[in-house]
Every structure is written in structure tokens, then in C-alpha cells.
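The lines below spell out each chain.
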Amino acid sequence: MSPVLAKVLMAEFVLGLISNGLVLWVFCFRIPSWNTSTLYLFNVSLADFLLIVCLPFRALYFHQGKDWHLGDIPCRMMLFMVSLNRAGSIFFLTVVVGDRYFKVVHPYNKINLMPTIPWGVGFAFLMWSATLGSTTYILTQSHLQTDEIINKTLCESFKLNEGDSAFNTWHNVFFVSEFFIPLVIISLCTSSIIRHLRRHKDKQGKIQRTIRSMIFLTFVFIICFLPSTVATIMVTVAKNLRHCELYEISGLVFGASLSLTYLNSVLNPLVIYISSPMVQAVLNIHNIYKCVRKKSEEAHITVQQITSK
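Everything numeric in this text was worked out from a predicted model, so none of it was measured. (Residues numbered from 1 in each chain as written. Predicted model: local features only at pLDDT ≥ 70, side-chain atom pairs only at ≥ 80, totals over all residues. Heavy atoms only, no water.)

### Section: the environment of Ala231
- Along the polypeptide, Ala231 turns up in helix H7 (residues 206-241).
- Ala231 sits in the buried class, given a relative accessible area of 0%.
- Excluding anything up to four places from it in sequence, Ala231 contacts Ser250, Val253, Phe254 and Ser257. (Helix = DSSP H or I, 4+ residues; strand = E, 2+ residues; numbered from the N terminus. Buried < 20%, exposed > 50% of the residue type's maximum accessible area, 1.4 Å probe, protein only. Contact = heavy atoms within 4.5 Å.)

As C-alpha cells, this is what we get:
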């Protein structure tokens, strides 16, 4: 399974690097004025981009049959960056949905009356601080495990073959809760937004587009993060029950489910494109075609002027 996962991770790396790089370029150089929604979507893409750049190291690890050769500190840094930006992506996606909830369902709430960019920057800083505080523990101890039977060095944040410890307990609790708590918030906010919008007439199709974007965001979130969360619970249950067969199966399911977790960072640019009219305007295929055609015509005219002299 490891060689297959390595190929999948490299494919996700290439696609994620291109898509997130393009979205970050749009945010940084093609959108002149930002609001809170733009700011939060930018942070989603930033977290995804930072996670994506870690995937080649993860892919190399699986390509070598889950044998880590780069040492202790790189192992800690790689696991920390993956965990940090996975959590950051989840948290900011939740914030995006919450921000839209207040703007659509409670447009006159005092939260919407605060200075947009200063408030958004402060809240984004708070979210990154909370994310750092929740994941820095990964840097505090080694994650290298030597398997003497197969003569390999493992680099895993989940120590599946060790007993319960404060580290493992917190890691499991955080990994599971960072999915279910945002899932509840996203589901409640999305259902409230959909109910509210369906009460209004939709002459230009904007309401249906908004509803589809919210449903797609929720769908991607569940598909990408639910399998690894369920696999973590299965591993914990199997370990407590001392059920060896279930434990082995759960470990395999968890390893395979990580590719879906990383897939979220590939699909989020599509979520951002669907959710942001400003990004859609910049990346509109028709507009890009007209721009390229205009540049081509200008270059052709310039060449004709040069050759005529």
C-alpha cells in the first residue's frame, strides 16, 4: 500500500501546489480591496499551501516503505507542519461559514458592524495563535520509532503500537474534536443559511449558487476528514478491547484515509472559487481568453511595426 500512497500524495502535491498557488496569487495581486470573507479564505489557502509543501517528504517516507531516513528534527517539523496546517485549514473553513452565517442570517448583528479588516486581522491572528498552541506539543518529543522486526524507522505522530500516554490521549482527543466540533458548527450554520435564503425570491440565481457552494463546502469537509477521524476512533477502541485483528485493520484504514485528509487541501481552492465572486471574476475563463487574445494582438501589431521600419 505504501508505494501507492506515495504516488497519490505526489499527485496531490502537484495539483495542490498549482491550485493553491494560483489562488494565493489572485488574493495577493488581483484583488485590490479585501473584506473579512476574503481574509479568511486567504488564510484557508495559506494553510493548505503550507500543508501541501510537506507532502513530498511524506511521499518519500511512504515510497521507502515507511522508513524515515532524515532524522529526528525533520520528522518533528514535518509532522508539526502537517498537523498545524490541517487544523488551520479546518478552523478557517469553520470561520468562513460562521462569517457567512452572520452576514446572511443576522445582517444587523454587532459583529457585522465592527471595522472589517482590523477585526478580521485580529481574529485571524487569534485563530493562528490557538492553532499553534494546540499543535506545538508535537515538537516537544521524538516521533521516531524503530521496528526491529522489519528494520525500519517509523515517523508517525500516532504511536499505534504504544500504550496510552498523556501525549497519545491529547493527540487522539484533539484529532477527533477538531473534526466533530467544526462539523457541528458548519452543519448548523449551513442549514440556517439555506432555510433563510429559501424564504427569498431568486430572480438572478444568486441564492441557488450560494446554497450550492455551502453544500459543496460541507460535502468536501465530511468526505475528506470523516474517514481518518473514524479510523482514529476504531484504533482507540480496538486497542482498549485488545482486539488484534480489528486493530490491524484500523491501522491500515487510518493510513489510507490520510490521502483523503490531504485531498482537502487540493479541493479547497475549488471551494474558494465557488464561494468567492471576486476570485471567480479574476479566474473567469472568458475574461482570461480575452486578455490573452488582446496581448496576442498587441504583440502582433508591435511585430508588424518593427518589420515595417
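### Brief notes about the state of the cysteines
- Summed over all chains, the structure comprises 1 disulfide.
- What pairs with Cys75 in a disulfide is Cys155, and their sulfur atoms sit 2.0 Å apart. As the torsion about the S-S bond is roughly 105 degrees, the Cys75-Cys155 disulfide counts as right-handed. A residue pair is termed long-range when its members are at least 10 positions apart, and Cys75 in helix H4 (residues 72-105) and Cys155 in strand E2 (residues 152-155) qualify at 80 residues. Of the two residues examined, Cys75 and Cys155, each falls in the buried class. (Disulfide = S-S within 2.5 Å.)

### Here's the deal with the packing of aromatic side chains
- Counted by the stated rule, this structure contains 15 aromatic pairs.
- Seen in terms of ring centroids, Trp34 and Phe42 are 5.2 Å apart; in terms of plane orientation they differ by 50 degrees. Their pairing is tilted.
- What makes Trp34 partly exposed here is its relative accessible area of 28%.
- Ring centres 5.7 Å apart and planes at 20 degrees place the aromatic pair Trp119 and Phe123 in the stacked group. Here Trp119 and its partner Phe123 are both found in helix H5 (residues 116-135), 4 residues apart, which amounts to about one turn of the helix.
- Residue class for Trp119 comes out partly exposed when judged on its relative accessible area of 34%.
- On the accessibility criterion, Phe123 (25% relative accessible area) is partly exposed.
- Three or more aromatic residues joined by ring pairs form one cluster here, namely Phe179, Phe180, Phe221 and Phe225.
- Positioned over the ring face of Phe175 is Arg86, at 4.0 Å from the centre of the ring. (Phe/Tyr/Trp six-rings, centres within 6.5 Å; stacked < 30°, edge-to-face > 60°. Lys NZ or Arg CZ within 6 Å of the ring centre and 35° of its normal.)

### A word on the nonpolar core
- In this structure, Phe27, Phe92, Cys155, Phe221, Tyr262, Ile272 and Val279 are the most contacted members of the largest nonpolar core, which totals 72 residues.
- In terms of residue count, H4 provides more of this core than any other element does, 16 residues in total.
- Residues within four places of Phe92 in sequence aside, it is in contact with Tyr40, Asn43, Val44, Ala124, Met127 and Trp128. (Core = buried A, V, L, I, M, F, W, Y, C linked by side-chain atoms within 4.5 Å.)

### What about helix H6 (residues 166-197)?
- Compared with an ideal rise of 1.5 Å per residue, which puts 32 residues at 46 Å, H6 spans 46 Å between its outermost C-alpha atoms and is within 8% of the ideal.
- Its maximal kink placed at Ser177, H6 deviates by approximately 25 degrees. (Expected span 1.5 Å × (residues − 1). Bend = angle between axes of the 7 residues up to and from the residue.)

### Observations regarding unusual backbone geometry
- The backbone of Lys66 shows a phi angle near 60 degrees, a positive value even though the residue is not glycine.
- Along the chain, Lys66 turns up in the loop between helix H3 (55-63) and H4.

### Some remarks on the packing of helix H2 (residues 36-52) against H5
- Here H2 crosses H5 at 30 degrees, and the two axes come no closer than 9 Å. Taken as axis vectors, H2 and H5 run roughly parallel relative to one another. For the element pair H2 and H5, the recorded crossing hand is right-handed. On the side of H2, the interface is formed by Thr36, Leu39, Tyr40, Asn43 and Ala47, while H5 contributes Thr116, Trp119, Gly120, Val121, Phe123, Ala124 and Trp128.
- Along the lines of polarity and charge, the residues of the contact of H2 with H5 split into 8 nonpolar, 4 polar and no charged. (Axes fitted to C-alpha atoms, helices over the stretch in contact; angles between N-to-C directions. Parallel < 35°, antiparallel > 145°, perpendicular 65-115°, else oblique. Left-handed = near helix turned anticlockwise from the far one by under 90°. Nonpolar A, V, L, I, M, F, W, Y, C, P; charged D, E, K, R; others polar.)

### Brief notes about a nonpolar patch on the surface
- A cluster of nonpolar side chains, Phe180, Leu226, Val230, Ile233, Val237 and Leu241, forms an exposed patch at the surface whose accessible area comes to about 460 Å².
- A total of 5 residues in the nonpolar patch trace back to one element, the largest contributor, which is H7.
- Mapping Val237 onto the fold places it in helix H7.
- Residue Val237 is classed as partly exposed on the basis of its relative accessible area, which comes to 38%. (Patch = residues over 30% accessible without salt bridge, like charges linked within 9 Å, V, L, I, M, F, W, Y side chains within 5 Å. Areas by Shrake-Rupley, 256 points an atom, 1.4 Å probe, with all protein chains shown as cover. Salt bridge = Lys/Arg side-chain N within 4 Å of Asp/Glu carboxyl O.)

### Some remarks on the packing of helix H1 (residues 2-29) against helix H8 (residues 244-275)
- Two elements in contact, H1 and H8, have axes whose closest approach is 9 Å; the angle formed by their N-to-C orientations is 20 degrees. Classified by the angle between their axes, H1 and H8 sit roughly parallel to one another. In this structure, H1 meets H8 at a crossing whose hand is left-handed. Here Leu5, Val8, Leu9, Glu12, Leu15, Gly16, Ser19, Asn20, Val23 and Phe27 of H1 come into contact with H8, specifically with Gly255, Ala256, Ser259, Tyr262, Leu263, Ser265, Val266, Pro269 and Ile272.
- Class assignment of the residues belonging to the contact of H1 with H8 gives a composition of 12 nonpolar, 6 polar and 1 charged.

### Focus on the side chain of Ser259
- Among the structural elements, Ser259 can be located in helix H8.
- In this structure Ser259 comes out as buried when scored by relative accessible area, which is 14%.
- If we ignore the near neighbours within four places in the chain, the residues touching Ser259 are Leu5, Val8, Leu9 and Glu12.

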